[in-house]
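Summary of the model geometry
As a plain string of letters, each chain reads:
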Protein chains: 4
Amino acid sequence: MRTREGNKEEAILRAAIEVFAKHGYHDAKMSEIAEVAGIATGSAYLYFRNKESILHRIFENLWGNLHRQLADVAARDDLDPVEQLEAMIDLLLDVFAGNPQLSSVIVNEMNRLESSGKGSFLPLYEKSFDLAEQVVKEGITQGLFNPNLDIKVFRYFFLGGLRHLVHQWAKDSQSLGLNQIRQGVKSLIKRGIIVPETRMGLGDRSDKK
Amino acid sequence: MRTREGNKEEAILRAAIEVFAKHGYHDAKMSEIAEVAGIATGSAYLYFRNKESILHRIFENLWGNLHRQLADVAARDDLDPVEQLEAMIDLLLDVFAGNPQLSSVIVNEMNRLESSGKGSFLPLYEKSFDLAEQVVKEGITQGLFNPNLDIKVFRYFFLGGLRHLVHQWAKDSQSLGLNQIRQGVKSLIKRGIIVPETRMGLGDRSDKK
Amino acid sequence: MRTREGNKEEAILRAAIEVFAKHGYHDAKMSEIAEVAGIATGSAYLYFRNKESILHRIFENLWGNLHRQLADVAARDDLDPVEQLEAMIDLLLDVFAGNPQLSSVIVNEMNRLESSGKGSFLPLYEKSFDLAEQVVKEGITQGLFNPNLDIKVFRYFFLGGLRHLVHQWAKDSQSLGLNQIRQGVKSLIKRGIIVPETRMGLGDRSDKK
Amino acid sequence: MRTREGNKEEAILRAAIEVFAKHGYHDAKMSEIAEVAGIATGSAYLYFRNKESILHRIFENLWGNLHRQLADVAARDDLDPVEQLEAMIDLLLDVFAGNPQLSSVIVNEMNRLESSGKGSFLPLYEKSFDLAEQVVKEGITQGLFNPNLDIKVFRYFFLGGLRHLVHQWAKDSQSLGLNQIRQGVKSLIKRGIIVPETRMGLGDRSDKK
DNA sequence: AATGAATGAGACTTCATTCAT
DNA sequence: AATGAATGAAGTCTCATTCAT
């Protein structure tokens, strides 16, 4: 028999990420994915039921890893909530840092997959952000985070902001570096953008509106 | 006044927003758009060159309006940068508030269009955020905003965060209200999430990294 | 608009019968059916959901007609059961006589459709033969038909026999004429094949087995 | 003795009959046949040139056996034509009785194979029915069978009728027993369905038409 | 001989766009 | 301008057959 030389499944996933990133999921052709993977078109179907399941697998792999690592961070006793949140930011950025094309695919197709409700990765995705939410809640309890923080708004704002930054970086990693993002985001989250002296007053005014 | 034609074009755009929001651009059928618009399939092509140009027109209309209004805010002498930024946030949220389906379309298709580089609205889009950037820069100059702020990171983080919040709101406006978003975002931007007392120390530590 | 010139649906059905007869349902290509019908391949799908539904429509049309006519015969008071049965045989043969290709399709695909259980024509098909069964039963009651007749066996034997004859005729109408079939079947049904004098004895012997 | 090879070939044929019966020839997959046969997909091609040749072999085996046995019956001096015909009917039914799935395959695919003209079994198939025809002719000569019998019509009617009965039995052997078929067919052939007293008159009338 | 992964031709079907009326 | 039937290009997926091991 012809044995599997190399890991075809892995090769298909790599190729799919490349092609999805280049054309977007809908305009990506199975024949091109197969070509990039170095196999015949039909062979892709030995490893994946159909085109959609390739996309799903990409997300499953990503969120499977990410959730595991985020859970590790959330479980660490040696870090306070602030440090845990920073570690989570680093984690997310590190994952994307290694693969700009993957970042593009994730960012571009996430919304549609989320809305479709399909994809076995969705529970892990939700749980990942639940973990972050827990950290924030714990931070509030410990008096480290702003007690008036709207956790829901923060969650979505934070996720969307990070995602868009990664997207920009994936498009042009020259003009926007990952470490720049890393520092900037941490600073934004912690301080906001207003200088300390001014902030209290402004905050009050804003709250009164 | 070309009332009839104007109305049809408007009807097609409205219908397209509805159908794009429901199925996504790729899975939206011209025949369904025409049906919703109350015209024959072929008639849509009297008003738009093709399917893609309908999408482009939607974006052009949105960013045309938005840019004009943002420019107005940027031009106001009676507001300081902090107030201008708040006004811009309100503006963005107000636009989306009136049309959740439009919000869905914008959020879901923006990335792809941006990456494709096509679309005459892109310059307006860029300029819109340049305006916001100017306000922030001015705020820094006036000593109102954090001088260490990474404007680029802030720009993308802020846009992405807002977008994702709107997206969530468009999906389920019950569990996440627009005013909640409005307050939450302003608070986040201004304060970050760390309580004042704690922040300085943490901020220092973080900055030293 | 481009109006329907001629009856495209009818043309497709005619073409499908021709192509199904030539290659069999499975090896018939939609592109060839469309070509024979004088339309573009995609146009066939304006009239039929898919390939299978074309086949179903052919059967529906046939059995719809046939059932209606058989019901008319069954309702006639001026004919005794023997004459009704003969009229039914004539009916079946007349339908096929006009269209050998239709006969081929019916004969070749009937079994598979029947087994699949799909096809809205199946109830009519069953009812058609119920009608014939009623005639036979009435014949027995009136003492015209052999009271020992196994109606179920007769029903399937008769149908299968007629079908196969039609099939042979469809393949080669030269060497086996429809009128020949007509007479032969009627004679077979009425007399069997054994000469009268001999029959009683043989029949007895057979019955005793 | 090539036991291993012989067994595999046999296993493939058995498996093919099972799978052909379940899905029909066209929808039967070589991989499923191989799986049922307990071999690898590719191994099937060591024993059969392709899928079609498996079907052909099934028919060759059947008609080879059948023809040999029918020839034996035809050669028996101790039976008169009536008895020979009955024996032939028993023979056909006995073959099918042992294997409903084989019956299904034969009944469903026979027409197509016959029409295609391919298959080395076709001569044997023809000869088998020539044998039956000879018996009938001999019966006529001896004055046992109806001299006006249209042999050709009888041949196809008889074959088709028997085939359809077997098909029904293969689908549902509960509601239609083989012995019921056996008796019913013999009775039909010999007597027809009209009662003796009535028949002469009706027959005359019919013949005059 | 046996394997079963790999191949790739080919068909169905969809739908943006065209065009005769 | 309006229609909507007609077009036909193109992509996904299947599966009989091959072939390297």
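The structure contained in this document is the topic of the report that follows. (Residues numbered from 1 in each chain as written. Chains lettered and ligands numbered in written order. Predicted model: local features only at pLDDT ≥ 70, side-chain atom pairs only at ≥ 80, totals over all residues. Heavy atoms only, no water.)

**Some details on the overall build of chain A**
- Within chain A one finds 10 helices and 0 strands.
- Mapped from its N terminus to its C terminus, chain A presents α and β elements in the order α-α-α-α-α-α-α-α-α-α.
- For chain A, contacts bridging at least 24 residues in sequence account for 67% of all contacts bridging at least 6.
- Total accessible area on chain A is roughly 9500 Å²; 48% of this is exposed by carbon and sulfur atoms. (Helix = DSSP H or I, 4+ residues; strand = E, 2+ residues; numbered from the N terminus. Contact = heavy atoms within 4.5 Å. Areas by Shrake-Rupley, 256 points an atom, 1.4 Å probe, with all protein chains shown as cover.)

**Quick word on the packing of aromatic side chains**
- Per the stated rule, a full pass over the model turns up 26 aromatic pairs over all chains.
- When the ring of B:Tyr125 is compared with that of B:Phe129, the centres are 5.4 Å apart and the planes differ by 70°; the resulting orientation is edge-to-face. Separated by 4 residues within a single helix, B:Tyr125 and B:Phe129 lie in helix α7 (residues 122–141), roughly one turn from each other. When sorted by exposure, B:Tyr125 lands in the same class as B:Phe129, which is buried.
- Consider the rings of C:Trp63 and C:Tyr125, whose centres lie 4.8 Å apart with planes at 75°: the pair is edge-to-face. Residue C:Trp63 is found in helix α4 (residues 51–75), and its partner C:Tyr125 is found in helix α7 (residues 122–141); the two are separated by 62 residues along the sequence. The pair formed by C:Trp63 and C:Tyr125 is uniform in burial state, with each residue classed as buried.
- Put simply, the rings of A:Trp63, A:Tyr125 and A:Phe129 pair up and form one aromatic cluster.
- A cation sits over an aromatic face here: C:Lys51 above C:Tyr25, 4.8 Å from the ring centre. (Phe/Tyr/Trp six-rings, centres within 6.5 Å; stacked < 30°, edge-to-face > 60°. Buried < 20%, exposed > 50% of the residue type's maximum accessible area, 1.4 Å probe, protein only. Lys NZ or Arg CZ within 6 Å of the ring centre and 35° of its normal.)

**Focus on the nonpolar core**
- In this structure, C:Phe20, C:Val185, D:Phe20 and D:Val185 are the most contacted members of the largest nonpolar core, which totals 138 residues.
- The contact partners of C:Phe20, leaving out residues within four places of it in the chain, are C:Tyr25, C:Ala28, C:Ile33, C:Lys51, C:Ile54, C:Leu55, C:Ile58 and C:Val105.
- Ranked by size, the runner-up nonpolar core spans 137 residues in total, among them A:Ile58, A:Leu62, A:Val105 and B:Met110. (Core = buried A, V, L, I, M, F, W, Y, C linked by side-chain atoms within 4.5 Å.)

**Examining the packing of helix α9 (residues 178–191) of chain C against helix α8 (residues 151–171) of chain D**
- The N-to-C vectors of α9(C) and α8(D) enclose an angle of 70°; their axes lie 9 Å apart at closest approach. As summarised for this structure, α9(C) and α8(D) are arranged roughly perpendicular, according to the angle between their axes. Here C:Gln180, C:Ile181, C:Gly184, C:Val185 and C:Leu188 of α9(C) lie close against α8(D), whose contacting residues are D:Lys152, D:Val153, D:Phe154 and D:Phe157.
- Considered class by class, the residues forming the contact of α9(C) with α8(D) number 6 nonpolar, 2 polar and 1 charged. (Axes fitted to C-alpha atoms, helices over the stretch in contact; angles between N-to-C directions. Parallel < 35°, antiparallel > 145°, perpendicular 65-115°, else oblique. Nonpolar A, V, L, I, M, F, W, Y, C, P; charged D, E, K, R; others polar.)

**Concerning the environment of A:Tyr25**
Residues and elements named next belong to chain A.
- Summarising the element assignment, Tyr25 is placed in the loop between α1 (8–23) and α2 (30–37).
- In this structure Tyr25 comes out as buried when scored by relative accessible area, which is 10%.
- On a C-alpha basis, the gap between Tyr25 and Glu52 in space is 8.7 Å, while along the polypeptide they are 27 residues apart.
- Setting aside chain neighbours within four positions, we find Tyr25 in contact with Phe20, Lys51, Glu52, Leu55, Glu109 and Arg112.

**Digging into the pattern of salt bridges**
- Here the structure, examined in full by the defined rule, presents 62 salt bridges over all chains.
- Close ionic contact of B:Lys171 with A:Glu114 constitutes a salt bridge, the shortest N to O distance being 3.8 Å. With B:Lys171 in helix α8 (residues 151–171) and A:Glu114 in helix α6 (residues 100–116), the pair connects residues from two separate chains.
- One salt bridge in this structure joins A:Glu126 and A:Arg155, with 3.1 Å as the shortest N-O distance. Here A:Arg155 lies in helix α8 (residues 151–171) and A:Glu126 lies in helix α7 (residues 122–141), a separation of 29 residues in the sequence.
- Overall, A:Glu126 belongs to the partly exposed group, its relative accessible area being 35%.
- With a relative accessible area of 12%, A:Arg155 lands in the buried category.
- Connected through salt bridges with shared partners, the residues A:Glu86, A:Asp90, A:Asp94, A:Arg182 and A:Lys186 form a single ionic network. (Salt bridge = Lys/Arg side-chain N within 4 Å of Asp/Glu carboxyl O.)

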